[in-house]
Amino acid sequence: MSANGNGHVGGAEHVEVQKLTSKAKIYTRLQELGTFYKKQFGEEPEFYVRVPGRVNIIGEHVDYCGYPVLPMAIDQSIILAIGRTPKDSKLQLRNLDEGKFSDFSCDLKSVNIVLPKTGGPAWYNYYLCGVKGIQEALGGKWRPLGMKVALSGNVPPASGLSSSSALVSAAVLATAHVQNMPLDRKELASISASCECYIGTQSGGMDQAIAYLGKAGCAQHIEFHPKLKGTPIVLPVGKCFVVANSLAEKNKAASSDYNERVVECRLATRWLAKHKKLPNWRQVIRFIDLEDACDLDNASYEKLVEQVLIKPVYTRADICKELGITEQELETQFLTPNTQHMQEFKLRQRAAHVIQETGRVTKFRDICEKLAGRANEQDTLKLGQLMRESHHSLRELYECSHPDVERLIDISAKCGVSARITGAGWGGCIVAMCDSIDAAAEYINVLKREYFAHLPTHILERYQANDFNDAVFATFPGNGAELYVQ
Ligand code: ADP
Ligand code: NG1
Ligand code: MG
């Protein structure tokens, strides 16, 4: 425990303000960013922020339904170097990767997030989400205090390792510190989760929660209901998790795919709530809320979905008839701005995935807790099976895989390695569980030979330089957000 710069007591619950020394794990990266900051702004930064990406081990596309997930923070992170300019209200943003991400500045008196009609949002909008989040949290106490910011990121973007939320959460932490707010981890995680919605995706809170609650050495079982809670989970001893990036990028805010799934889950929940005669069925939009209201368990929930949501595809007319609403109501009250075009809804498949995946998260957690870090062949085989079942469900019921991801999964299966797509999907990464560090090294070599060496030349050129080590690597649970002063 130590006092942070805001006069609050630091420790597990708070982001501690630490003195930057050469012992910091990412000292070299911070130094490099500090040098860039100095070149850009002509002075030293006052403080640094580091927020990690994450890999989700199991529990995909369930967070926005209120259900628990099991991610771990990874080494790759977004780092910021920040200086305050309290005499003006200007935000000045620079990215170390200047070729890809151009400079941005604006007046903090009017924060405006403008999203394009097509294509992904400009990178700085993710930072603005964070600023807006703190502005809203502070309400009348918000002051438009100027900030000079240099950013550097090595979380592969648009690949399911949560580069977006690392960026948004870093902006939240930096702005909170500039505004002299208490740096409560759970509060900052909740603010970060709510404000990322300004980028257009109606996400759950997994990425922002692990960004703040991550602890070295453990994965986290994260619950959102009735309130945010993280429980450290010791992974089976000896097992080694490997991330492999298909390199098929998918920017989640550039298409409607993610929100389509959210909309289908919300409609399925309302359909079931109406079937159960809940008077407030319109407001019941997360599966977990219906579970509470009707006292369902995982098995009875699955049965309810099977018995009530019988059609493979529902039309707009089907939904309007069942819910007793007009098409106009459907569009204005039930669909999001970017899902107005939806004609067909796969309520049965989406609901089945969410309920079954939730069952798998419980089983995975229970096995890890029973093993308490030990290795037991029978039990770890079950963990592998749960990961494979999760992937199968994401491909078949949730339809969020990608042909390149499937190639990675097929190669993994041939190696006898259990793997699944991680993150939102439609491209991006897989996470695989190997029996040991040596087995992981062997598996990584096979992937390099059988997948990465066959990529098109323009991609090969980018990754060959470091032998694809940025694209396929063993990963170990790391700490959540950190703040360093010079
Ligand atoms: P992910 O699965 O990585 O979270 P998203 O589609 O949600 O993917 O977000 C990716 C977007 O986040 C990028 O297109 C970019 O706008 C932004 N981003 C990620 N990393 C960086 C970075 N280092 N610098 C600037 N913007 C970044
Ligand atoms: P990625 O792929 O990192 O953008 C998204 C959501 C998560 C969760 C997963 C699927 C955001 C910020 N993140 O992750 O909340 O729903 O997909 O499990 O939208
Ligand atoms: Mg994201």
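Residues numbered from 1 in each chain as written. Chains lettered and ligands numbered in written order. Predicted model: local features only at pLDDT ≥ 70, side-chain atom pairs only at ≥ 80, totals over all residues. Heavy atoms only, no water.

1. With respect to the sheet that holds strand S15 (residues 482–485)
- Read across the open sheet, the seven strands follow the order S1-S15-S2-S3-S6-S4-S5; overall the sheet is mixed. Each of the sheet's edge strands pairs with one partner strand only, and the pair in question is strand S1 (17–19) and strand S5 (104–107). Strand-to-strand, the axes of this sheet are offset by a mean angle of 25°, without reference to chain direction.
- As judged from the three bridges shared by S1 and S15, these two strands associate in the parallel manner. Note that in S15 the partner of Gln-18 across the bridge is Tyr-484.
- Contacts between helix H5 (residues 206–213) and the sheet are confined to strand S2 (47–58) and strand S3 (70–85), with S2 contributing the most and set at about 120° to the helix. (Pairing = 2+ DSSP bridges. Helix = DSSP H or I, 4+ residues; strand = E, 2+ residues; numbered from the N terminus. Axes fitted to C-alpha atoms, helices over the stretch in contact; angles between N-to-C directions. Contact = heavy atoms within 4.5 Å.)

2. Some points on the site of ligand 2
- Around ligand 2 lies a shell of 18 residues, among which Glu-60, His-61, Asp-63, Asp-207 and Tyr-258 are the nearest.
- Side-chain polar atom of Lys-252 to an oxygen atom of ligand 2: 3.4 Å apart, as the coordinates give it.
- Measuring from an oxygen atom of ligand 2, one finds a backbone N or O atom of Ala-424 at 2.8 Å.
- Protein chains bury 98% of the 440 Å² of accessible surface belonging to ligand 2 in isolation.
- At three residues, H5 tops the list of elements feeding residues into the shell around ligand 2.
- A breakdown of the residues in the shell around ligand 2 according to their chemical character gives four nonpolar, eight polar and six charged. (Near = heavy atom within 4 Å. Polar contact = N/O pair within 3.5 Å; in protein donor to acceptor, adjacent residues only side chain to side chain. Areas by Shrake-Rupley, 256 points an atom, 1.4 Å probe, with all protein chains shown as cover. Nonpolar A, V, L, I, M, F, W, Y, C, P; charged D, E, K, R; others polar.)

3. A short note on the UniProt feature "domain: GHMP kinase N-terminal" (unreviewed entry) in the protein chain
- Look at the UniProt record and you will see "domain: GHMP kinase N-terminal" (unreviewed entry) annotated at residues 125–215.
- What you have in residues 125–215 is 54% helix and 9% strand, and the ends, taken at the C-alpha atoms, are 28 Å apart. (UniProt positions renumbered as here; feature names shortened; annotations may be inferred.)

4. Concerning the site of ligand 1
- Near ligand 1 you find 20 residues, and of these Asn-95, Gly-160, Ser-163, Asn-251 and Lys-252 are the closest.
- Take Ser-164: an N or O atom from its side chain is 3.0 Å from an oxygen atom of ligand 1.
- Here ligand 1 loses 91% of its free accessible area of 570 Å² to cover by the protein chains.
- Elements with a minimum of two residues in the shell around ligand 1: strand S6 (146–153) and helix H3 (163–178).
- Of the residues forming the shell around ligand 1, the biggest block, three residues, is contributed by H3.
- Per-class residue counts for the shell around ligand 1 are 10 nonpolar, eight polar and two charged.

5. Quick notes on the sheet that holds strand S14 (residues 472–475)
- Across the sheet, which stays open at both edges, the four strands sit in the order S12-S13-S9-S14 with antiparallel pairing between neighbours. At either margin of the open sheet sits one strand with a lone partner, and together these are strand S12 (418–421) and S14. Put simply, the sheet's adjacent strands are angled 25° from each other on average, direction ignored.
- Direction of pairing for S12 relative to strand S13 (residues 429–434): antiparallel, over a ladder of four bridges. By the bridge assignment for S13, Arg-420 is matched with Val-431.
- Helix-sheet contacts for helix H13 (residues 403–414) involve strand S9 (240–245), S12 and S13, and the interaxial angle to S12 is about 170°.
- Its contacts with the sheet place helix H14 (residues 437–450) against S9, S12, S13 and S14, and it is angled at close to 15° to S9.

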